[in-house]
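Chain by chain, the residues run as shown.
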Amino acid sequence: MAKLAKFKQSMHQTSGVMDVCHSKYIALSASSNSTLRHIRSAKQNVDTSWTKFSEKIRHAEREIERRYKEELNENNNTVRTHDQTSLQDTSSVGSLDFDNETEHVAFRNTKMLVQELVNTEKAYVEDLKDVVVGYKVRMEQSGECPTLLKANINTIFGNIEDIYNFHSKIFLGELERCSETSHVGGVFCTNISNFQMYATYCKNKPRSENFLSTTDVSFLAQCQRDINHVLDLRSYLLKPVQRIMKYHLILEKLLKYAPSRNAKRRDELQEALEIMERVPRYANDIIHLMGLEGYNGDFESLGQLLLQENFQVYINGQR
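**Side note on the packing of aromatic side chains**
Reasoning step 1: Enumeration over the complete set of coordinates arrives at 9 aromatic pairs.
Reasoning step 2: The interplanar angle of 80 degrees and the centroid separation of 6.0 Å between the aromatic rings of F171 and Y247 together place this pair among those described as edge-to-face. Here Y247 lies in helix 13 (residues 247-257) and F171 lies in helix 6 (residues 160-178), a separation of 76 residues in the sequence.
Reasoning step 3: Residue classification places F171 among the buried residues on the basis of a relative accessible area of 0%.
Reasoning step 4: Pairing F188 with Y247 gives two aromatic rings, centres 5.4 Å apart and planes at 70 degrees, and the pair type is edge-to-face. You can see F188 sitting in helix 7 (residues 184-190) and its partner Y247 sitting in helix 13, a full 59 residues away along the chain.
Reasoning step 5: Residue classification places F188 among the buried positions, given a relative accessible area of 0%.
Reasoning step 6: One aromatic cluster is present, built from ring pairs that chain together F166, F171, F188, F195, Y198 and Y247.

**Some details on the side chain of N152**
Reasoning step 1: You can see N152 is positioned in the loop between helix 4 (147-151) and helix 5 (153-157).
Reasoning step 2: Among the residues examined, N152 registers a relative accessible area of 19% and is labelled buried.
Reasoning step 3: Looking at N152, its side chain comes within polar contact range of the main-chain oxygen of L148, at 2.8 Å.

**Regarding the packing of helix 6 against helix 9 (residues 197-213)**
When two helices pack together, you describe them by how their axes are tilted relative to each other and by the distance separating the axes.
Reasoning step 1: Look at helix 6 against helix 9: their axes get within 9 Å of each other, and the N-to-C directions meet at 150 degrees. Relative to helix 9, the element helix 6 lies roughly antiparallel. For the element pair helix 6 and helix 9, the recorded crossing hand is left-handed. On the side of helix 6, the interface is formed by I160, D162, I163, F166 and H167, while helix 9 contributes M197, Y198 and Y201.
Reasoning step 2: By residue class, the composition of the contact of helix 6 with helix 9 is 6 nonpolar, 1 polar and 1 charged.

**With respect to the confidence of the model for the protein**
Reasoning step 1: Of all residues in the protein, 61% attain a pLDDT of 70 or more, and the chain-wide mean is 77.
Reasoning step 2: Confidence drops under a pLDDT of 50 for residues 78-96, and excluding neighbours within four residues, the segment shows 16 contacts in the predicted structure.

About the thresholds
Residues numbered from 1 in each chain as written. Predicted model: local features only at pLDDT ≥ 70, side-chain atom pairs only at ≥ 80, totals over all residues. Heavy atoms only, no water. Phe/Tyr/Trp six-rings, centres within 6.5 Å; stacked < 30°, edge-to-face > 60°. Helix = DSSP H or I, 4+ residues; strand = E, 2+ residues; numbered from the N terminus. Buried < 20%, exposed > 50% of the residue type's maximum accessible area, 1.4 Å probe, protein only. Polar contact = N/O pair within 3.5 Å; in protein donor to acceptor, adjacent residues only side chain to side chain. Axes fitted to C-alpha atoms, helices over the stretch in contact; angles between N-to-C directions. Parallel < 35°, antiparallel > 145°, perpendicular 65-115°, else oblique. Left-handed = near helix turned anticlockwise from the far one by under 90°. Contact = heavy atoms within 4.5 Å. Nonpolar A, V, L, I, M, F, W, Y, C, P; charged D, E, K, R; others polar. pLDDT = per-residue confidence, 0-100.

Here it is as structure tokens:
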């Protein structure tokens, strides 16, 4: 029995030594892998932030497209109701000749869509004017505007005044002048360079959002009350992003109703559609790039973004 007790005591001591060795091994292993764990943790944080940001953008895009399609469908239903009446009324058709009733319906649908485009463009210009005059100009001229806000006017508004000047002085007038002939495609094609300013605006948008969410905006709230806005400034600063993503939807409809015998008009609409699909896509890429963290270089110096998606990154064979 004495030998058994002595053996158990010896085993217990050996076990204690092994526990100490194991603890030292774990500590040494943890120390040697701390850098790798840090990299993995940083990568995971970037992946999480990117996924959340991407989902927000995709959700906003889907919601904008859904609402606008509902508006277009409502307009089309109204047009179909009118088209069930007699075709003897030619007050809106003038002296145009149609080969069949289908062309007549297409013409009336086109007129309705162009009018919808012009009306919504007028409303958009008024919204931009409220932002520029009701907020930006007042901040620049008012002695009551806090110094911090006044010093960050460019951060808050970006190039929204340039966008307002383009739409109010150029684009809206050209749309109104072409409403009778419905040659809308050409208006978009000739203004492709002006639409590029939306990429600049979208690039600044995250900075604007971050500043407004972390700054006292009581002065801006007073501006909002003075111009009788229900929505706050941040909601109105989102309108250029929403607007640039809507144009291609109505262009798709116009291309659908464009007469096949008018090749020039169809080509113009097709080109305009491609332009207005490319512009918001590029702006969207800019927004996603601005959401990336951990890279201090200049993204633009890397060239055009070719693909954006979730990727798996491996470092020294470890994911």
